[in-house]
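# Observations on chain architecture
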Amino acid sequence: MTSKGKYYITTAIAYTSGKPHIGNCYEIILADAIARYKKADGYDVHFQTGSDEHGQKIETRAIEEGMSPKEFVDMTAGEIKRLWDMMGTDYDRFIRTTDEDHERQIQKMFKKFYDQGDIYKGSYEGQYCTECEAFYTEAQLSEGKCPVCGGAVHAEKEEAYFFKMSKYADKLIEHINTHPEFIQPVSRKNEMMNNFLLPGLQDLCVSRTSFKWGIPVDFDDKHVVYVWLDALSNYITGIGYDADGNSSDLYKKFWPADLHLIGKDIIRFHTIYWPIFLMALGEPLPKQVFGHPWLLQGGEKMSKSKGNVLYVDDLINIFSLDAVRYFVLHEMPYENDGTITWELMTERVNSDLANTLGNLVNRTVAMTNKYFGGAVNNTDTASDEVKPAGKTGQELSEKQIDEDLRKVATSTYEEVEKKMDELRVADALTDIFALFKRLNKYIDETEPWVLAKDEAKKDRLATVLYHLCEGIMIGASLLKPFMPDTAEKIASQLGTKLYDFDTLSVFGQYPSGGKVTDSPEILFARLDKEEILGKAAQVEEAQKKDFIEHQKKAFANLVAAGRMTQEEADQSLRALTGEGAQEEAGIDIPAKDEITFEDFEKLQFRVGHIIACEEVPKSKKLLCSKVKVGSKTLQIVSGIKSSYKPEDMVGKQVMVLENLKPAKLAGVLSEGMLLCAEDENGNLSLMEPDKKMPAGALIC
C-alpha cells in the first residue's frame, strides 16, 4: 500500500456527567469508520478521543452521587471508555482532562495568554446555562431558555478572566473566507459567520470563581480555568504540545489536525473560540471542522427525563455490534438530523443486512459447496451468444452480463473514495451495498440452479460462482472500516483474506482453486418485529425504574449537601413520577346521549405511528399528518396547531379513529381522526399508549 501521508482525526471529548446514549456514541462510531477507512487507504492515522471532566455540572453530579468530583469522573470516564471499547473503536489515545500532562499545559497556556495581553481580569454578569457550561446574552436566548439545550438559565455575576476575542476576529473571518473547506457543512459556516462573527465577537469568559472543580489558575488560585479553554486544548495537549516550545515529535508530525469531528451543537466553540486560541498561541489551525447532525429517537432529542433514551450496549445486545454500526452510519444524513427507533433498526437489519448482504453470501457459499464441493475456479467461459430474457427481463450475452458486473465491482472503490473525501459516509455505504445488490441481480441473470442441470454448462457455472466470490470480496474489503467483524467473517467464509484498497480496481484477485467454508454461518438472521418490540419494552421499563431510583438518591444527597430543601426534593420527585396527579381537580362537561354497544362497535380505533407532519397552508389551526396504521398510511387533518408543532408530531404513537368517512378540511383530504384530551384552557394532549405498540394495534 502506497503511503498517502499523515491523517489526524479527533472527536469531541465526551462530557463525564453521565452515561452516553446512542446519539452521543454516533460520533465515535463515525470517527472510527473514517479513521479505519483512511488507514486502509494508505494514510498514517492518529485517532484521538477522550473525556471532558471539569466544570460546575460535574461538581453537582458528584454531590448527587455522594462522591468527590475525582471519584465521580473516574467512574464515568471508565464507563465512557468501556462503551468506546465495546464498539470496537480503534483509537490511539483516550485523553482525560484530569491527566497530569494536560492540566500542566493548560496552566502554561493560560499564563502565556495573560503575559501577552490576550487575557485580562474583570467581572461577568449574564445568563448562565449549567447544563451547557455557557454564558449567553439576553438576545441569544430562545424564549428565555438556553438556545442550545432548551434548559433553564439563571443570572450569574462573578469575577473572571476574559479573553480578547475581537483582537483576532478579523483574522479568523479572513481564514474562513479563504479556506471554504474549513467549516463543513456550508450551512454551519454561514451560521457562524452571520450569527457570531460578522455582528462582532464579545470577549470570552475563560475562568470561574463560583466553583472549584477545574484546573487552578496557578498565579491566581481563586480562579479555575473555564471548561472550554480546558476541553478544546486536548486536541494539541494529547499529542504532546508544549507552550514553552518543547513540543513532542508526535505533535510536530500530526498537527494541524486534518479533521475535528463534532456535534453541530458545539460548532461555535470549535470554529470560533478554538481557532482564536490557536492564533494566540501562534499555532496552525485545524484543516477542517465537521459539525455532524443529531441522531434523534423518533424525531425527538434523547432525554432521560422523557424516557426515550437508547443506549448502545442495549442495542448491541439485541441487534449485534455491526448492525448498530451499520444503522447509525447509513441512516444519518450528511447535514440533517437522523432518526433511530426499534422499528427502523429491525427493518434495516432485515432488508439490508439479512436480505441483501447475508443472503447473498449464504447463497454463494451454499451453491459453491453444492455444485463444486466448495472449490472456486475461474474458467472464464462466458459466451457471446445472447441469453434469453430471464428474471431481469433483459436479453444480454453472458459476456455482457459478466462485463457489466466487473465494471460495477471495479468502479465501486472510486465511488466510495469520492464520498469519503467529502465525509458523506452514508452515501459511501450506499455505494458498497449497491455492489451487493448488483451481485444479487447477477444471480438472477445467470440462474446458477439452471446451469447446474446441464453438464455442458459446468464451466459457465464455475465462472458465475467465481464472479460472485470475487465481487463479494471487493465489497467486503470496502466494508471493513464500517463493519469490521462482518467483513472478516465474509472473508473467512470465502476462504481468503480481505484485499488491499490499492488493488480494488482490478477484478480477479480471488485465487482460482480457493475453497469456501463447508460450514457457513448466517451473518444476520431475520428479526421478528414483535419480539424486538417486546424486548425494547422491557429495556425501557427497566431504564425508567433505574432512572427514578437514581434520582431519589440524587435528591437525598443534594438535600444532605444543602443544595436542595426537602420540600424541593419531594416536589421534584412527584413531578418525575407523576404522583399526586390524581389529586388535581377534574373537569365537568355536559353529558351526551347514551349510545348502545352496537353503536360503539361501529367505531374502529387503532394505534397509529405519525411518520410525517406539516402545517396546512393558510390555516391557523390545522396540521396534516401522515399516519401509518398497519400496512396503510392515512392522511389526517387535525385542529391541534395551537398545541403541537409539526416536528413535535413526528414519531408519536397516537389513537386513531380509522373508519371516519373522509372529508376535506381547508381543501385538504382527511381520512380519519386523532383523539386528544382538552383541558379547561383549551390545551390539547394527544392520546398515546403508555407502552410501545405496533402501528395498527387494535384499541378495544
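Attention shifts here to the overall build of the chain. When helices and strands are tallied, the chain shows 22 helices and 29 strands. Taking 700 residues into account, the globule formula puts the C-alpha radius of gyration at 27 Å, and the chain, at 29 Å, falls close to it. Overall, the chain is about 90 × 85 × 45 Å in size when its C-alpha atoms are taken along their principal axes. Restricting the contact set of the chain to residue pairs at least 6 apart, pairs at least 24 apart contribute 73%.

Take unusual backbone geometry next. Residue Gln-184 is joined to Pro-185 through a cis peptide bond whose omega torsion reads -10 degrees. Mapped onto the elements, Pro-185 comes out in the loop between strand 8 (183-184) and helix 6 (186-197). Backbone torsion omega between Trp-255 and Pro-256 reads 10 degrees, so that peptide bond is classified as cis. Looking at the secondary structure, you find Pro-256 in the loop between helix 9 (249-254) and strand 12 (259-263). If you check the backbone angles, Leu-423 has positive phi at about 60 degrees while not being a glycine. Turning to its location among the elements, Leu-423 is positioned in the loop between helix 14 (398-421) and helix 15 (425-446). Classification of Leu-423 as buried rests on a relative accessible area of 8%.

Sheet architecture is open: 4 strands sit in the order 6-5-7-9, paired in antiparallel fashion. Of all strands in the sheet, those with a lone pairing partner are strand 6 (134-136) and strand 9 (204-205), marking the two edges. For strand 7 (residues 154-163) and strand 9, the ladder comprises 2 bridges, and the chain directions are antiparallel. Within the sheet, the bridge partner assigned to Phe-162 lies in strand 9 and is Cys-205.

Further remarks concern the pairing of strand 23 (residues 653-657). By the criterion of burial, strand 23 is predominantly enclosed, with 5 of the 5 residues buried. As judged from the 5 bridges shared by strand 20 (residues 605-615) and strand 23, these two strands associate in the antiparallel manner. Along strand 23, the bridge assignment pairs Val-607 with Met-655. Inspection of the sheet shows strand 23 paired to strand 26 (residues 673-674) by 2 bridges, in the antiparallel sense. Residue pairing in the sheet places Leu-657 in a bridge with Met-673 of strand 26.

What follows deals with the packing of aromatic side chains. Applying the stated criterion across every chain, the model contains 28 aromatic pairs. Their ring planes at 20 degrees and their centres at 5.7 Å tell us that Tyr-120 and Phe-162 sit as a pair that is stacked. Here Tyr-120 is found in strand 5 (residues 119-129), whereas its partner Phe-162 is found in strand 7, with 42 residues between them in sequence. Exposure remark for Tyr-120: the relative accessible area of 31% places this residue in the partly exposed category. Assessed through its relative accessible area of 6%, Phe-162 is described here as buried. Taken together through their ring pairs, the aromatic side chains of Tyr-8, Tyr-235, Tyr-241, Tyr-251, Phe-254, Trp-255 and Trp-274 make up a single cluster.

On to the packing of helix 13 (residues 342-372) against helix 19 (residues 529-560), then. At a closest axis distance of 10 Å, the pairing of helix 13 and helix 19 adopts a crossing angle of 145 degrees. For helix 13 against helix 19, the interelement crossing comes out right-handed. Here helix 13 contributes Trp-342, Glu-343, Thr-346 and Glu-347 to the contact with helix 19, which in turn contributes Lys-529, Ile-532, Leu-533, Ala-536, Val-539 and Glu-540. Grouping the amino acids of the contact of helix 13 with helix 19 by side-chain chemistry returns 5 nonpolar, 1 polar and 4 charged.

Mean pLDDT over the chain works out to 91, with 96% of the residues at or above the 70 mark. Under a pLDDT of 50 for its full length, residues 581-585 has, in the predicted model, 0 contacts with residues more than four places off or in other chains.

Next up on the list: the environment of Lys-171. For Lys-171, the position within the fold is in helix 5 (residues 166-178). The class for Lys-171 is partly exposed, based on a relative accessible area of 49%. With 105 residues separating them along the chain, Lys-171 and Ile-276 place their C-alpha atoms 8.8 Å apart.

What counts and how
- For every chain, the first residue of the written sequence is number 1, and numbering continues from 1 along that sequence.
- Only residues with pLDDT of 70 or above have their local features reported here, since the model is predicted, and side-chain atom pairs are shown and tallied only from 80 upward, although totals for entire chains, interfaces and linings are computed over all residues.
- Values shown for side chains rest on all heavy atoms present in the structure; no hydrogens or waters enter the calculation.
- Elements are defined by DSSP. Helices are runs of H or I of four residues or more, strands are runs of E of two residues or more, and each kind is numbered from the N terminus.
- Computation of the radius of gyration draws on C-alpha atoms, with the globule rule given as 2.2 Å multiplied by the number of residues to the power 0.38.
- Residue contacts are counted whenever heavy atoms from the two residues lie within 4.5 Å of one another.
- Only protein chains enter the calculation, and the probe is 1.4 Å; a residue is then buried if its accessible area is under 20% of its type maximum, exposed if over 50%, and partly exposed in between.
- Two strands are said to pair when DSSP picks up at least two bridges between them.
- Two rings from Phe, Tyr or Trp (for Trp, the six-membered ring) form a pair when their centres sit within 6.5 Å of each other. Planes less than 30 degrees apart are called stacked, planes more than 60 degrees apart edge-to-face, and all others tilted.
- Axis definition: a line fitted to C-alpha atoms, limited for helices to the stretch in contact. Angles are taken between N-to-C directions and run from 0 to 180 degrees.
- In this scheme the handedness of a crossing depends on how the near helix is turned from the far one: anticlockwise by less than a right angle means left-handed, clockwise means right-handed.
- Note that Gly is not counted as nonpolar here; it falls among the polar residues with everything else outside the nonpolar set of Ala, Val, Leu, Ile, Met, Phe, Trp, Tyr, Cys and Pro and the charged set of Asp, Glu, Lys and Arg.
- Every residue is assigned a pLDDT by the predictor, reflecting its confidence on a scale from 0 to 100.

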